[in-house]
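Chain by chain, the residues:
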Amino acid sequence: MTGRAGRRGAGGARTPRRPTAVHHPEVPARQRVLPTDRPRPVFSRLYARISEGMDAEGLGALRTELLAPLSGSVVEVGCGNGRNFTRYPAAVTGVTAVEPEPHLRGLATRAAAAAPVPVTVVAGTAEALPLPDGGADAAVLCLVLCSLPDRDRALAELTRVLRPGGTLAFLEHGLGPTRRVRAAQRLADATLWPLLAGGCHTAVDPVGSIQRAGFEVTTLRRLRFPDSRLTLPATPHVLGLARRPG
Ligand SMILES: C[S@@+](CC[C@H](N)C(=O)[O-])C[C@H]1O[C@@H](n2cnc3c(N)ncnc32)[C@H](O)[C@@H]1O
């Protein structure tokens, strides 16, 4: 159904304009390009379970380190089940957390109630954030860039919603330090890894993507998580801050 006015019924009478199911005149066109909901029923339930164990294994401490420098209004992209929420510092006045996966978004909405700062969970994608221009003091990318089909577009969106001088805090996994690890990552990406890990790819360069988008990387720490002897495709991580110029 198109909802266009002026169509005539069988008897020639003009039929009244009928609204379409997806007509949202208040939503800018670019926000309608991608569907808001991206259900991943298996991955979402799996992630909800394993994220608790990962936090206990050391990821929780990394989350706290990631969020500690932030203040003011924050947008968190791809918040998952909301594992960051309890770790926001008091200097943060509010968080808008965007999540396209419905099951994870439901869990995040529950987690928001236990957060020490106000957190609002909304449906949306990184590539079309349902947020106004320049309204955020800081943005958070935590284990998300690897899952995005269009990282450049997502980072352009973050540039749009951050105020000039705003902070991007990132904790992401990416390309390994050796040719051998990178070859293993490419193999993983070409086979089962994205299927098992919700579309995640491991041979990605988060810092390069952030810099290409125009951000100035101000702090950067390379680390292994989990910090075990075995190097998995998603073991090499980067944690840091970048500044939106202006
Ligand atoms: C590995 S999980 C990380 C979740 C959370 N950030 C955390 O730190 O636990 C990746 C998240 O990215 C979300 N995601 C996938 N595609 C996305 C997109 N296009 N826009 C925003 N988030 C997306 C997934 O639904 C999932 O919640």
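Chains are numbered independently. Their residues run from 1 in the order of the written sequence. In keeping with the model being predicted, local features are shown solely for residues with a pLDDT of at least 70 and side-chain atom pairs are shown and tallied solely at 80 or more, while totals for entire chains, interfaces and linings include all residues.

1. A closer look at the environment of Leu141
So, step 1. By secondary structure assignment, the location of Leu141 is in strand β4 (residues 136–142).
So, step 2. We classify Leu141 as buried; it has 27 C-beta atoms within 10 Å.
So, step 3. For Leu141 and Gly78, which are 63 residues apart along the polypeptide, the C-alpha to C-alpha distance reads 7.5 Å.
So, step 4. Those residues in contact with Leu141 that sit more than four places away from it in its chain are Val77, Leu168, Phe170 and Glu172. Each helix is a run of DSSP H or I of at least 4 residues and each strand a run of E of at least 2, with the numbering of both proceeding from the N terminus. Neighbour density around each residue's C-beta defines its exposure: 20 or more other C-beta atoms within 10 Å make it buried, 12 or fewer make it exposed, and counts between make it partly exposed, where C-beta atoms are placed from the backbone. Contact between two residues is assigned when their C-beta atoms, built from the backbone, lie within 7 Å.

2. Quick look at the pairing of β4
So, step 1. Where burial is concerned, most of β4 is hidden: six out of the seven residues are buried.
So, step 2. In this sheet, β4 lies alongside strand β1 (residues 72–77) in parallel orientation, the contact comprising four bridges. Counterpart to Val77 in the pairing with β4 is Leu141.
So, step 3. Across six bridges, β4 lies against strand β5 (residues 162–173) in parallel orientation. Considered in β5, the bridge of Val140 is made with Ala169.
So, step 4. When the strands point away from the viewer and the connection leading from the first strand across the helix to the second strand turns clockwise, the crossover is called right-handed. Note on the crossover from β4 through helix α3 (residues 151–161) to β5: the handedness is right-handed. Strands are treated as partners if at least two bridges between them are detected by DSSP.

3. Focus: the sheet that holds β4
So, step 1. If you walk across this open sheet you meet the seven strands as β3-β2-β1-β4-β5-β7-β6, and the pairing is mixed. For this open sheet the edge positions go to β3 (119–122) and β6 (216–224), each flanked by a neighbour on one side alone. Sheet twist, expressed as the mean angle between neighbouring strand axes with direction ignored, is 15°.
So, step 2. Each of β4, β5 and β7 (236–243) is contacted by helix α1 (residues 41–67), which is oriented at about 165° to β5, the strand it contacts most. What counts as an axis is a line fitted to C-alpha atoms, over the stretch in contact for a helix, and the angles between N-to-C directions run from 0 to 180 degrees.

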